[in-house]
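# Observations on the model geometry
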Amino acid sequence: YANALNNAPDDQMVALRAYREALAAGDEPLATRAAQVLASDEATPPDVSLYLLALAVRDKDATATERLMGEVAKGPFNFMLPSLRAWQAYESGGDPFAPLAEPANSGLESRFNIENRTLLGLATGDVTVASQAIRTLIASGRGSPDLALDGAVILASIGQRDAARALAIGAQGELSEYLRRMGRQKPGMAFALSRMMLRVAGDLAHEDAVVLSIMLTRTGLLLDPLDDRLRLLLADAL
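Description of the structure in this document.

### Structural notes on the overall build of the protein chain
- A tally of regular secondary structure across the protein chain gives 14 helices and zero strands.
- In terms of overall size, the protein chain behaves like a compact globule, its C-alpha atoms giving a radius of gyration of 18 Å where 238 residues would be expected to give roughly 18 Å.
- Seen through its principal axes, the protein chain has C-alpha atoms that stretch 60 × 40 × 30 Å.
- Evaluated residue by residue, the protein chain yields a buried proportion of 49% over its 238 residues.
- Considering only contacts within the protein chain whose residues lie at least 6 apart along the sequence, 58% involve residues at least 24 apart.
- For the protein chain, the accessible surface area stands at approximately 11100 Å², while carbon and sulfur atoms represent 54% of it.
- Counting 23 positive and 30 negative side-chain charges, the protein chain places the averaged centre of each group 6 Å from the other.

Take a look at the structure:
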């Protein structure tokens, strides 16, 4: 498909096949080149805009990030945007909770807003209240156990390692290596978007959505290459 795209650089069908196969193979340059061809067409697959947005966030390209968030807003991944805007405000020193104050447009958006509000609570230092909110969400079945691990990463990144271990249910067993590496990534837009991709990919793990699962996990790993949970979900999809 790389050769085919070289020979037909504007062909949308070739670009789509190249994009999908490149994601499966882990060929970022080919996936990006094909995605850029696809983005030039009005009928761009919605996951292409999300993929390009992730690259812009990773590369701290503010202009491209704004433009691509506008593209994502038009498609089925728009439920991520209020949370992503909240983390954008956090990164820039603004009020991260303001973008989450508007009523959610769907149950999925509401779930993401609630989860990211608790994570932002940790990031802004409200450790006790936010940690309890995460435990309550998980205990009620409204939050994934991954939420506790994400919160622990944030706590570790701000030097609260004891609170991180407590939130992640201790350092025993299979969590010990993960906890040892906690804090490697500072919380911000890249962290948040990779967590959202993990969350959606986890929801899709038992559904017939292999192509989307591969895209979400590969793209999440571009933002956080060391995340074992994304890598396991990718392996399962492949």
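There is more to say after this.
### Description of the packing of aromatic side chains
- For the structure shown, the criterion picks out four aromatic pairs.
- Ring centres 5.7 Å apart and planes at 80° place the aromatic pair Tyr19 and Tyr51 in the edge-to-face group. Remark: Tyr51 occurs in helix α4 (residues 46-58) and Tyr19 occurs in helix α2 (residues 12-25); sequence separation between them is 32 residues. The burial state of Tyr19 is the same as that of Tyr51; both residues are buried.
- An angle of 80° between the planes, with centres 5.5 Å apart, marks the rings of Trp87 and Tyr90 as edge-to-face. Here Tyr90 and Trp87 lie together in helix α6 (residues 81-92), a separation of three residues that amounts to about one turn.

### Some remarks on the side chain of Arg229
- Looking at the secondary structure, you find Arg229 in helix α14 (residues 228-237).
- Arg229 sits in the buried class, given a relative accessible area of 12%.
- At a separation of 2.9 Å, a polar atom in the side chain of Arg229 contacts the side chain of Asp150.

### Focus: the side chain of Ser49
- Position of Ser49 among the secondary structure elements: in helix α4.
- The exposure class of Ser49 is buried, given its relative accessible area of 11%.
- Apart from residues lying up to four places away in sequence, Ser49 is in contact with Thr44, Leu68, Glu71 and Val72.

### Regarding the pattern of salt bridges
- Counted under the stated rule, the structure contains 15 salt bridges.
- Between Glu28 and Arg58 there is a salt bridge; the shortest N-O distance is 2.9 Å. Separated by 30 residues along the polypeptide, Glu28 in helix α3 (residues 28-39) and Arg58 in helix α4 bring together distant segments of the chain.
- Between Arg195 and Asp224 there is a salt bridge, with its nearest N and O atoms 3.4 Å apart. Here Asp224 lies in the loop between α13 (210-223) and α14 and Arg195 lies in helix α12 (residues 189-204), a separation of 29 residues in the sequence. The pair Arg195 / Asp224 is uniform in exposure class, with both members buried.
- The structure contains a network of salt bridges with shared partners spanning Asp146, Asp150, Arg195, Asp224, Asp227 and Arg229.

### Some words on the packing of α3 against α4
- Closest axis-to-axis distance for the α3/α4 pair is 10 Å, and the angle between their directions is 120°. Classified by the angle their axes make, α3 and α4 are oblique. The hand of the α3/α4 crossing is left-handed. The segment α3 lies against α4, with Glu28, Ala31, Thr32, Ala35, Gln36, Leu38 and Ala39 engaging Val48, Tyr51, Leu52, Leu55 and Arg58.
- Residue classes in the contact of α3 with α4 are distributed as eight nonpolar, two polar and two charged.

Thresholds, definitions, all that
Residues numbered from 1 in each chain as written. Predicted model: local features only at pLDDT ≥ 70, side-chain atom pairs only at ≥ 80, totals over all residues. Heavy atoms only, no water. Helix = DSSP H or I, 4+ residues; strand = E, 2+ residues; numbered from the N terminus. Rg over C-alpha atoms; globule rule 2.2 N^0.38 Å. Buried < 20%, exposed > 50% of the residue type's maximum accessible area, 1.4 Å probe, protein only. Contact = heavy atoms within 4.5 Å. Areas by Shrake-Rupley, 256 points an atom, 1.4 Å probe, with all protein chains shown as cover. Lys, Arg positive; Asp, Glu negative; His and termini not counted. Charge placed at Lys NZ, Arg CZ, Asp CG, Glu CD. Phe/Tyr/Trp six-rings, centres within 6.5 Å; stacked < 30°, edge-to-face > 60°. Polar contact = N/O pair within 3.5 Å; in protein donor to acceptor, adjacent residues only side chain to side chain. Salt bridge = Lys/Arg side-chain N within 4 Å of Asp/Glu carboxyl O. Axes fitted to C-alpha atoms, helices over the stretch in contact; angles between N-to-C directions. Parallel < 35°, antiparallel > 145°, perpendicular 65-115°, else oblique. Left-handed = near helix turned anticlockwise from the far one by under 90°. Nonpolar A, V, L, I, M, F, W, Y, C, P; charged D, E, K, R; others polar.

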